[in-house]
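Residue-level structure breakdown
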Amino acid sequence: MTTYRVCCFLRRFRPASNEPSEAVRDVFQAYADGGGVLGEEALRRFLREVQGEKDDAGAEEAAREAMAFAAEHRLLKKGGLTAEGFHRWLCSDANAALHPRRGVYQDMGLPLSHYFIYTGHNSYLTGNQLSSGCSEVPIVKALQDGVRVIELDLWPNAAKDDVEVLHGKTWTSPVELIKCLEAIKEHAFASSPYPVILTLEDHMTPDLQAKVAKMIKETFGEMLYISESEHMAEFPSPDDLKGKIIISTKPPKEYLQTKSGKEEVADDKAEESIWGEEISEDKTTARQSSGSEKFVEEAEEELEESEKKARQGADNEYKRLIAIQLTRRKHDMDQDLKIDPEKVTRLSLGEKAYEKATVSHGADIIRFTQRNLLRIFPRSTRITSSNYNPLMGWRGHGRKLWLTQGMFRANGGCGYVKKPDILMNSDPDKLFDPRANLPTKMRLKVTVYMGDGWRFDFRKTHFDKCSPPDFYARVGIAGVAADTRMEQTRVMMDNWIPMWDHEFEFRLAVPELALLRVEVHESDNHQKDDFGGQTCLPVWELRPGMRSVRLSDHKGQLLRSVKLLMRFEFFPS
């Protein structure tokens, strides 16, 4: 029995049991022989019919792995899998929703503009954008997580004779530029061989630009990509740029936002309607956000003078290092998104400007990004460096950071995900319009059987001091507006191992841009529900069948033991 103390008496609950749910037992019984075991031939049949193994070779290999797993854990009986062995294998990492050994499989020989690129913002900050420290440690963490675009804000030090990295005109403490460059050199290709793009927020005078150019060349050496011409007619491919670091610049005022902080916060609130209130551990956000607009206005005024100085001249060697040039905005979207057939470029848009442009210039954005790079930077009022909505380009909604992490689990986690063909079709009559009335391409049935692991990763009273937790799961799709939905299971009361056996069905118009969202919460009648884990998975890489799904914490770090057992079934429309 599990015991909880309430005031002066004890409450007793049945101990947690990791027996398979009723629906899982039914599947086992459908394939097991008369002796209550799953033999090799029955297992291969299960793998073909339920797990989607299309050929005999794949079924044979998966069967060997399952049998080896059961033998290692002494779960074989009479040469077959027991019910416990079958259940434990289903819940193992070897049976994950995304193939555990699938690496990079997409064509990496196309220009950079053909890919979504895993991008960081203010990569050097250890916390919020107003008062946290700057360090090379977050840069290392980002690179290890697969991020391929690192941003550094470069400012003169107090003596104006050296360069520091910090979030300018705030209380953030600086870090030496050389520390950041050395960290990038050492860790750039720890998780992916594909190029790292280093964007520089340049607030420097020409003499400091020369100093930075020398520092970059000496640090990166042969890793540094130098373009053969000042303007590229087409971007090289990720394959061409393997092991290379690419420099891209951004004018000093580019990141500033003049939008009212109140208006931006109101926009954020509207986004929460489908997915629920954002989850955050930062208790200082409310206090700090009130001062953000003041910082932005002051920074704009002070940067006018520094920008004039930077324009007085520029070091030629510094210019030569810039492989991907940034086009300064004309603040006329028709002009900003105009395509130059002779050269490619990078454009930066503020989050609010981009949000408006997706409505007024959606087709222009798609055409522009077929040849050029477009980078979106968050609003100034995102004090905690939270993400903007990364799916805004095709009008999706969701928990921003989780969606970004989910998107870039695709293609082996290499940081480059090839855009689907619908976004690269240049035929004016077939140009993708996410606001159009799109037909359903496929149906995805998702079954949430059960969950386990919280009892190992959390103390007994973490969710409820008086009883075991009351878990429920939320499952949904993030993608184009037509596909975006969120559903919820019933609440399983007083159980560390909830068994929901709940089915959902999602009709998908654009499955190649759809992300599966999964969250678990603990129901609380008296205060905000507790967070129990989440994950986000690219629908186009989900393996069909009954699969193990590991959950992460609110920062995206995998929880040690927590996972769900789910099933994914795909049907034509």
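Residues numbered from 1 in each chain as written. Predicted model: local features only at pLDDT ≥ 70, side-chain atom pairs only at ≥ 80, totals over all residues. Heavy atoms only, no water.

1. Some thoughts on the overall build of the protein chain
A tally of helices and strands in the protein chain yields 17 helices and 22 strands. Out of the 573 residues in the protein chain, the part that is buried amounts to 54%. Across the protein chain, the fraction of contacts at a sequence separation of at least 24, relative to all contacts at a separation of at least 6, is 74%. (Helix = DSSP H or I, 4+ residues; strand = E, 2+ residues; numbered from the N terminus. Buried < 20%, exposed > 50% of the residue type's maximum accessible area, 1.4 Å probe, protein only. Contact = heavy atoms within 4.5 Å.)

2. Some words on unusual backbone geometry
Despite not being glycine, His 331 has its phi angle at roughly 55°, a positive value. As for its position among the elements, His 331 is in the loop between strand 11 (322–324) and helix 12 (333–336). Owing to a relative accessible area of 65%, His 331 belongs among the exposed residues under this scheme.

3. Digging into the pattern of salt bridges
Enumeration over the complete set of coordinates arrives at 29 salt bridges. Arg 550 is the salt-bridge partner of Asp 93, the closest N and O atoms lying 3.8 Å from each other. Of the two residues, Asp 93 is situated in the loop between helix 4 (83–90) and strand 5 (115–117) and Arg 550 in strand 21 (residues 545–552); the sequence distance between them amounts to 457 residues. Residue Asp 93 is classed as partly exposed on the basis of its relative accessible area, which comes to 39%. (Salt bridge = Lys/Arg side-chain N within 4 Å of Asp/Glu carboxyl O.)

4. A short note on the nonpolar core
Among the nonpolar cores identified, the biggest contains 55 residues, and Ile 150, Leu 152, Ile 184 and Leu 198 are the most heavily contacted of them. Where this core is concerned, the elements lending two or more residues are helix 5 (137–144), strand 6 (149–156), strand 7 (163–165), helix 6 (177–187), strand 9 (196–202), helix 7 (206–220), strand 10 (245–250) and helix 15 (400–407). Setting aside its immediate chain neighbours within four residues, Leu 198 contacts Ile 150, Leu 152, Leu 181, Ile 184, Phe 220, Ile 245, Ile 246, Ile 247 and Ser 248. In terms of nonpolar packing, the next biggest core, distinct from the first, is built from 34 residues, Tyr 4, Ala 97, Val 446 and Phe 471 among them. (Core = buried A, V, L, I, M, F, W, Y, C linked by side-chain atoms within 4.5 Å.)

5. A word on the pairing of strand 17 (residues 485–488)
In this structure, strand 16 (residues 471–478) lies alongside strand 17, joined through four bridges in antiparallel fashion. Among the inter-strand pairings, Ile 477 is bridged to a residue of strand 17, identified as Arg 485. Between the end of strand 16 and the start of strand 17, which pair antiparallel, lie six residues. (Pairing = 2+ DSSP bridges.)

6. A short note on helix 5
Taken together, the buried positions of helix 5 are occupied by Pro 138, Ile 139, Val 140, Ala 142 and Leu 143. For helix 5, the elements touching its buried residues are strand 6, helix 6 and strand 9. With its phi angle positive at about 100°, Gly 146 sits one or two positions after the end of helix 5.

7. A short note on the packing of aromatic side chains
The final tally for this structure, using the stated rule, is 12 aromatic pairs. On the basis of an interplanar angle of 20° and a centroid distance of 5.6 Å, the ring pair of Trp 402 and Phe 531 is categorised as stacked. Of this pair, Trp 402 sits in helix 15 while Phe 531 sits in strand 20 (residues 530–538), placing them 129 residues apart in sequence. Each member of the pair Trp 402 and Phe 531 is classed as buried. Residue placement shows Arg 102 over the ring face of Tyr 105; its charged tip is 3.6 Å from the ring centre. (Phe/Tyr/Trp six-rings, centres within 6.5 Å; stacked < 30°, edge-to-face > 60°. Lys NZ or Arg CZ within 6 Å of the ring centre and 35° of its normal.)

8. What about helix 14 (residues 362–371)?
Turning to helix 14, its buried residues number three or more, namely Gly 362, Ile 365, Ile 366, Phe 368, Thr 369 and Gln 370. Those residues of helix 14 that are buried lie in contact with helix 12, strand 12 (346–350), helix 13 (351–360), strand 13 (373–377) and helix 16 (421–424).

9. A few points about the side chain of Lys 419
You can see Lys 419 is positioned in the loop between strand 14 (416–418) and helix 16. Among buried Asp, Glu, Lys and Arg side chains, Lys 419 stands out as unpaired, with Asp 421 the closest opposite charge at 11 Å. A polar side-chain atom of Lys 419 sits 2.8 Å from the main-chain carbonyl oxygen of Ser 113. Reaching out from Lys 419, the side chain makes a polar contact with the backbone oxygen of Thr 369 at a distance of 2.9 Å. Once residues lying within four places of it in the same chain are set aside, the contact partners of Lys 419 are Ser 113, His 114, Tyr 115, Phe 116, Thr 369 and Met 424. (Lys, Arg positive; Asp, Glu negative; His and termini not counted. Polar contact = N/O pair within 3.5 Å; in protein donor to acceptor, adjacent residues only side chain to side chain.)

10. A look at the side chain of Gln 51
By the secondary structure assignment, Gln 51 is in the loop between helix 2 (40–49) and helix 3 (56–72). Among residues more than four places away in sequence, those in contact with Gln 51 are Phe 46, Trp 89, Leu 90, Asn 95, Pro 544, Gly 545, Met 546 and Arg 547.

11. Some words on the confidence of the model for the protein chain
For the protein chain, the mean per-residue pLDDT works out to 84, and 83% of the residues sit at or above 70. When pLDDT is averaged over each element of the protein chain, strand 21 comes out on top at 98 and helix 9 (residues 285–289) at the bottom at 40. Note on residues 281–303: pLDDT is under 50 here. Beyond four places in sequence and across chains, it has 33 contacts. In the predicted structure, residues 393–398 sits below a pLDDT of 50 and forms 32 contacts with residues beyond four places in sequence or in another chain. (pLDDT = per-residue confidence, 0-100.)

12. Structural notes on the environment of Met 566
On the secondary structure map, Met 566 appears in strand 22 (residues 558–572). Spatially, the C-alpha atoms of Met 566 and Gly 451 are 9.0 Å apart, while their sequence positions differ by 115 residues. Not counting residues within four places of it along the chain, the set of residues in contact with Met 566 comprises Val 446, Thr 447, Val 448, Tyr 449, Val 518, Gly 545, Met 546, Arg 547 and Val 549.

13. With respect to the packing of helix 1 (residues 22–31) against helix 2
In contact at an axis separation of 9 Å, helix 1 and helix 2 are set at 125° when each is read in the N-to-C sense. Between helix 1 and helix 2, the angle is such that the two are oblique. Of the residues in helix 2, those in contact with Val 27, Ala 30 and Tyr 31 of helix 1 are Ala 42, Arg 45, Phe 46 and Glu 49. Considering only residue class, the contact of helix 1 with helix 2 consists of five nonpolar, no polar and two charged. (Axes fitted to C-alpha atoms, helices over the stretch in contact; angles between N-to-C directions. Parallel < 35°, antiparallel > 145°, perpendicular 65-115°, else oblique. Nonpolar A, V, L, I, M, F, W, Y, C, P; charged D, E, K, R; others polar.)

14. Points about the environment of Thr 249
Along the chain, Thr 249 turns up in strand 10. Accessibility expressed as a relative area gives 15% for Thr 249, which makes it buried. Among residues more than four places away in sequence, those in contact with Thr 249 are Leu 200, Tyr 318, Ile 322, Ile 324, Leu 326 and Arg 346.

15. Some details on the pairing of strand 12
Counting buried positions along strand 12 yields five of five residues, so the element is predominantly enclosed. Of the two faces of strand 12, the one carrying Arg 346, Ser 348 and Gly 350 and the one carrying Leu 347 and Leu 349 are both buried. Pairing of strand 12 with strand 13, which is carried by five bridges, proceeds in the parallel orientation. The partner of Arg 346 across the bridge, within strand 13, is Leu 373.

16. Some thoughts on the environment of Phe 471
As for its placement among the helices and strands, Phe 471 is situated in strand 16. Accessibility expressed as a relative area gives 0% for Phe 471, which makes it buried. Sequence spacing of Phe 471 and Pro 498 is 27 residues, and the spatial spacing of their C-alpha atoms is 6.5 Å. Leaving out residues up to four positions away in the same chain, Phe 471 has contacts with Trp 454, Phe 463, Arg 490, Val 491, Met 492, Asn 495, Trp 496, Pro 498, Trp 500, Val 520, His 521 and Glu 522.

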